[in-house]
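Spelled out, the chains give:
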Amino acid sequence: MTHPPHPHLLSKRFRTRAAACSTALATLLAVFAATPTAAAPGPGPDNGTSTGTGTGTVLNVPATYRTVQAAVDAVPAGNTDRVTIAIAPGTYREQVRVPANKPHLLFQGTGSDRSKSVIVHDTPNEYGGSSGSATVLIAADDVTARNLTFVNDFDEAAHELAGEQALAMKTTGDRIVFDNTAFKANQDTLMTDSPALTRISRVYVRDSYIEGDVDFVYGRATTVIDRSVIRALSRGSATNNGYITAASTWKGNPYGFLITNSRVTSDAPARSFHLGRPWHPGGEPDAIGQVLFRDTELPAAVKSSPWTDMSGFPWREARFAEYRTYGPGAAVTPDRPQLTDADAAVHQVSNYLTGTDGWAPHR
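A brief look at the structure comes next. (Residues numbered from 1 in each chain as written. Predicted model: local features only at pLDDT ≥ 70, side-chain atom pairs only at ≥ 80, totals over all residues. Heavy atoms only, no water.)

1. A few points about the overall build of the chain
Thought 1: When you go through the chain residue by residue, the secondary structure sums to five helices and 25 strands.
Thought 2: When burial is assessed residue by residue, the chain has 56% of its 363 residues classed as buried. (Helix = DSSP H or I, 4+ residues; strand = E, 2+ residues; numbered from the N terminus. Buried < 20%, exposed > 50% of the residue type's maximum accessible area, 1.4 Å probe, protein only.)

2. Observations regarding the nonpolar core
Thought 1: Within the largest apolar cluster, 58 residues are counted, with the highest numbers of intra-cluster contacts made by Phe107, Phe150, Phe178 and Phe293.
Thought 2: If you tally residues by element for this core, the top one is helix α2 (residues 68-74), at four residues.
Thought 3: Aside from chain neighbours lying at most four places away, what touches Phe150 is Ile119, Val136, Ala145, Ala168, Met169, Phe178, Thr181, Ala182, Phe183 and Lys184.
Thought 4: Core analysis: the next-biggest nonpolar cluster, separate from the first, contains 14 residues, Val224, Tyr255, Leu258 and Leu353 among them. (Core = buried A, V, L, I, M, F, W, Y, C linked by side-chain atoms within 4.5 Å. Contact = heavy atoms within 4.5 Å.)

3. Focus: the sheet that holds strand β13 (residues 182-184)
Thought 1: The strand order across the open sheet formed by seven strands is β4-β7-β10-β13-β16-β19-β22, and the pairing between neighbours is parallel. Edge positions in the sheet fall to β4 (90-93) and β22 (263-266), since each of these pairs with one other strand and no more. Within this sheet the neighbouring strands show an average axis-to-axis angle of 15°, counted without direction.
Thought 2: The pairing of strand β19 (residues 229-232) with β22 spans four bridges and is parallel. Its bridge partner lying in β22, Ala232 is registered against Ser266. (Pairing = 2+ DSSP bridges. Axes fitted to C-alpha atoms, helices over the stretch in contact; angles between N-to-C directions.)

4. Topic: the sheet that holds strand β11 (residues 169-171)
Within a beta sheet, neighbouring strands are joined by backbone hydrogen bonds and run either parallel or antiparallel to one another.
Thought 1: An order of β5-β8-β11-β14-β17-β20-β23 is seen for the seven strands of this open sheet, with the pairing classed as parallel. Each edge of the open sheet is held by one strand with a lone partner, namely β5 (96-98) and β23 (273-276). Neighbour-to-neighbour, the strand axes of this sheet turn through a mean angle of 10°, independent of strand direction.
Thought 2: Looking at chain direction, β11 and strand β14 (residues 190-192) are connected through three bridges and run parallel. When the sheet's bridge partners are listed, Thr171 is paired in β14 with Thr192.

5. With respect to the pairing of strand β6 (residues 105-109)
Thought 1: Burial analysis of β6 places five of its five residues in the buried class, which makes it a mostly covered element.
Thought 2: The two faces of β6 match: Leu105, Phe107 and Gly109 on one face and Leu106 and Gln108 on the other face are all buried.
Thought 3: Examined bridge by bridge, strand β3 (residues 83-87) and β6 share five bridges and lie parallel to one another. Bridging from a neighbouring strand, Ile85 pairs with Phe107 of β6.

Purely spatial values, then, with no claim about function.
If you want it as structure tokens, here you go:
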């Protein structure tokens, strides 16, 4: 099956919700002023109260705030203290927008595992590009999500659309952590981006699960996927079922996507899935994708020539490589660039994540 052109839409806008209503803001300010600090960190029981903790304030969903977005709206703009949004088990059908002026948030699922608290929506890219499509959009810095599942369940088969992009998550902020999370969609599941081509944002995904079919890990942020499972879904083709990555890394940034100590699985036929292709948004020549699969298991579904061109840009001009991949889909051939030991020494998790600010979420 020949895959139709994939119209990534670079939206320069994302939708933000209205400012918090005066009642919710007043409630939150009262909590900040009146609640004593407890010794134990992290979210407390979902008892309908906002409880101060050693790491800041906890806002409970749905006991105090009916939706996740309502809790986000209640956080004061420019807050400097950690605010935990504790999300009780349940399915929250909504879009969530975290604006750039609300950093230092922790989204914490309080269930026994990440499948218990699910944020889901079903909007495709026709409604505002990647920023409008995403179930969750994080534009703020210093945001962590833990023990949660993010889904875009848009039904591709039920719609005739020019593009079926439907994101579960988009980030543009810096120092973003996803810990024990799941991302489920089809086309463009997880987009890790930055506010501008030459701006570097960093994202760390660990002990998580990502599934999709077309370009479902993509964008220009420096992104590490560590100790995780990536599920490449079949689209029913015997020869071309999709592409795991579509990096648009700025040419001045040596670090794009690092997929390390992970496992790729697939229900697609053998030799029918690509590791990736180079995305140049709007034909931008300075978006020179960088992707490294390192110490990661590859399934038989991976093509023997796993990289391919995109929109007239050849993959050989991108920065694609493997290092010590293994499994039935791994091989060393002229069409599969391999990092040398010397190059691998400067392409480790710390190289990707730790900048001059000393951020080191992997330690």
